[in-house]
Amino acid sequence: MNEAWRYFLLFFGASLVANILLIRFIALCPFFGVSTRLETSLGMSISVIFVMTMATSVSWIAWNWVLKPLGVGEFLYIPSFILIIASLVQFVEMVIKKTSPPLYRAMGIYLPLITTNCAVLAAATESVKPGFFTKLNITYNYGFPEALVYTIGIAVGFSLVLILFAAMRERLELAPVPKFFRGVPIAFITAALFSLAFMGFAGMFNL
Amino acid sequence: MEKERTLWGEFSKGFITTNPLLVLMVGLCSALAISTRVENCIFMGLSVIFVLTCSNVIISLIRNFIPDQVRIPIFIVVIASFVTIVDLTLKTIPAVYERLGVWIPLIVVNCIILARAEGYASGAKVSHALMDGLGIGLGYTVVILTMAVFRELFGTGKIVLFDTTVIDLHIKSMPVILIMFPGAFITFALFSALLQWYQLRKKKKLEEGSP
């Protein structure tokens, strides 16, 4: 029971309390780039969840079975993690191209962007190195199941906010907004209000 | 008419015409997260300038030997090596390293650096790439510093640099929200609205000038 509760807290903390977009500002570039339409953000969310889970699993294995035993983790983790992510993205791109051409047309330009999606690298790095766990009050032992739960939490938080925000932005197009605030500035103001709302989650469970 | 590329032109364009944050809208993530304190911004700005300039120069040097299909992985490896240098160097200052945290490895995926490598340095002379790196890096640093000064000064009422208080407004209740998360979005929104206002005004003036 206690163990299950801890996993729940980990998931909850990663997805809502320390939401990767609104609270930690990681991966804002694809966020503002993709979120103009609901359809593309759905596709983006699915591929981010997929890539992120794979990337963390592979880099967790690389860190614990290869880099750490060899004693080269401290100065090789950045290049090796980013290479793992880049090759995974290439793989996902090929799969989508073969299986779903319409999705590929919609996502084509954004898929290479996942390589430079900070959230993927951040999840991979933090699952093996101390990061946000020190700020939230969660015990984390760097085991594989924990890394997986944490990553899926981050990915779900990312997708949730991306989809909510895309729906909001479609309405913003029609809203009467002051001339200087059209476009990007009003999107940021909206994000600020979202962020304010998400700060409320920190009060639950005393995290 | 092809405009002559001068070294100064390559350097200065990073400030306004192709400012990475306000105009190109890349590299936002770190800018918003770091700009709570002026001190963080100084270190972050220096790291970005270093990585950007070095990777620009190296990529421009090897641009003729890279096969086109594998260019992105090669760029990333070059950038990642310089980020590792920064990572290990900053580790010697534990207080700063702890506060910047995951943002140091994340310089690798800072869109500014890959965008400049792919869009500029892979097709430019070494001297131009060097100046471009310095200019864009400085443009980024200036914007995050301005944001940080605004947020720290009005969010906490004073600016603390290396444990010494530089400016103190002596006001008790400041809008704390500016240094919290929504404050980053609000500050950036104000900045980009300001830029939009400036551009609209310039456009209007041009139209009035030539009927």
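Because the structure is predicted, anything quoted here is derived from the model rather than measured.

**Q** Teacher, can you tell me more about the overall build of chain B here?
**A** On a plain count of helices and strands, chain B comes out with 8 helices and 2 strands. In sequence order, the secondary structure elements of chain B are arranged as α-α-α-α-α-α-α-β-β-α. For chain B, the spread of C-alpha atoms along the three principal axes comes to 60 × 60 × 25 Å. A separation threshold of at least 6 residues defines the contact pool for chain B, and within that pool the share at least 24 residues apart is 74%.

**Q** Even after reading the chapter, I still don't get the overall build of chain A, so can you show me in this structure?
**A** Along chain A, the regular secondary structure elements total 9 helices and 0 strands. Reading chain A from its N terminus to its C terminus gives the helix and strand order α-α-α-α-α-α-α-α-α. The 207 residues of chain A split such that 43% are buried.

**Q** Any chance you could explain the nonpolar core here in plain terms?
**A** Generally speaking, a soluble globular protein has its nonpolar side chains buried in company with each other. Core analysis: the largest hydrophobic core is formed by 113 residues, its most contacted members being Ala27(A), Ile85(A), Ala119(A), Leu121(A), Ile79(B) and Val108(B). Once residues within four sequence positions are removed from consideration, Ala119(A) is found in contact with Ile20(A), Ile26(A), Ala27(A), Met52(A), Ile154(A) and Phe158(A).

**Q** Would you mind showing me how to read helix H7 (residues 126–156) of chain B here?
**A** An α-helix turns once per 3.6 residues; consequently, residues spaced three or four apart project the same way. Given a rise of 1.5 Å per residue, 31 residues ought to cover 45 Å, and the 44 Å separating the end C-alpha atoms of H7(B) matches this to within 8%. Downstream of H7(B) by a residue or two, Gly157(B) has a phi angle that is positive, lying close to 90°.

**Q** Help me understand the environment of Thr125(A), please; the structure alone is not making it clear to me.
**A** All names here are of chain A. Mapped onto the secondary structure, Thr125 falls in helix H7 (residues 118–126). Given 23 C-beta atoms within a 10 Å radius, Thr125 is considered buried. It is 15 Å that separates the C-alpha atoms of Thr125 and Arg24, two residues lying 101 residues apart in sequence.

**Q** It is not clear to me how the packing of helix H8 (residues 144–172) of chain A against helix H9 (residues 184–199) of chain A should be interpreted in this structure. Could you clarify?
**A** The relative placement of two packed helices comes down to the angle between their axes together with the axis-to-axis distance. Residues and elements named next belong to chain A. Across the interface, H8 lies against H9 with an axial gap of 11 Å and an inter-helix angle of 135°. The pairing of H8 with H9 is recorded here as oblique in orientation. Between H8 and H9 the crossing geometry is right-handed. Facing Val161, Phe165, Met168, Arg169 and Leu172 of H8, the residues of H9 in contact are Ile186, Ala187, Thr190 and Phe194. Its residues placed into classes, the contact of H8 with H9 shows 7 nonpolar, 1 polar and 1 charged.

**Q** I would appreciate a short explanation of the environment of Val51(B) in the present structure.
**A** All names here are of chain B. Its location among the elements puts Val51 in helix H3 (residues 38–61). Of the residues examined, Val51 has 25 C-beta atoms within 10 Å and is grouped as buried. Taking the C-alpha atoms as reference points, Val51 and Trp197, separated by 146 residues in sequence, lie 33 Å from one another. Excluding its chain neighbours within four sequence positions, the residues that come into contact with Val51 are Ile79, Phe82, Val83, Val86, Ile107 and Ile113.

**Q** What is the right way to look at the interface of chain A and chain B in this model?
**A** Interface size is commonly expressed as the accessible surface area that is lost when the partners come together. Between chain A and chain B, the residue contacts involve 35 residues of the former and 36 residues of the latter. Looking at the side of chain A that touches chain B, the elements that each hand over two or more residues are helix H2 (28–34), helix H4 (73–99), H7 and H9 of chain A. Element by element, the count of residues in the side of chain A that touches chain B is highest for H9(A), at 9 residues. Residues of the side of chain A that touches chain B, tallied by class, amount to 27 nonpolar, 5 polar and 3 charged.

Conventions and cut-offs
Residues numbered from 1 in each chain as written. Chains lettered and ligands numbered in written order. Predicted model: local features only at pLDDT ≥ 70, side-chain atom pairs only at ≥ 80, totals over all residues. Helix = DSSP H or I, 4+ residues; strand = E, 2+ residues; numbered from the N terminus. Contact = placed C-beta atoms within 7 Å. Buried ≥ 20, exposed ≤ 12 C-beta atoms within 10 Å, placed from the backbone. Core = buried A, V, L, I, M, F, W, Y, C linked by C-beta atoms within 7 Å. Expected span 1.5 Å × (residues − 1). Axes fitted to C-alpha atoms, helices over the stretch in contact; angles between N-to-C directions. Parallel < 35°, antiparallel > 145°, perpendicular 65-115°, else oblique. Left-handed = near helix turned anticlockwise from the far one by under 90°. Nonpolar A, V, L, I, M, F, W, Y, C, P; charged D, E, K, R; others polar.

Bear in mind that shape data such as this cannot, by itself, settle questions of function.
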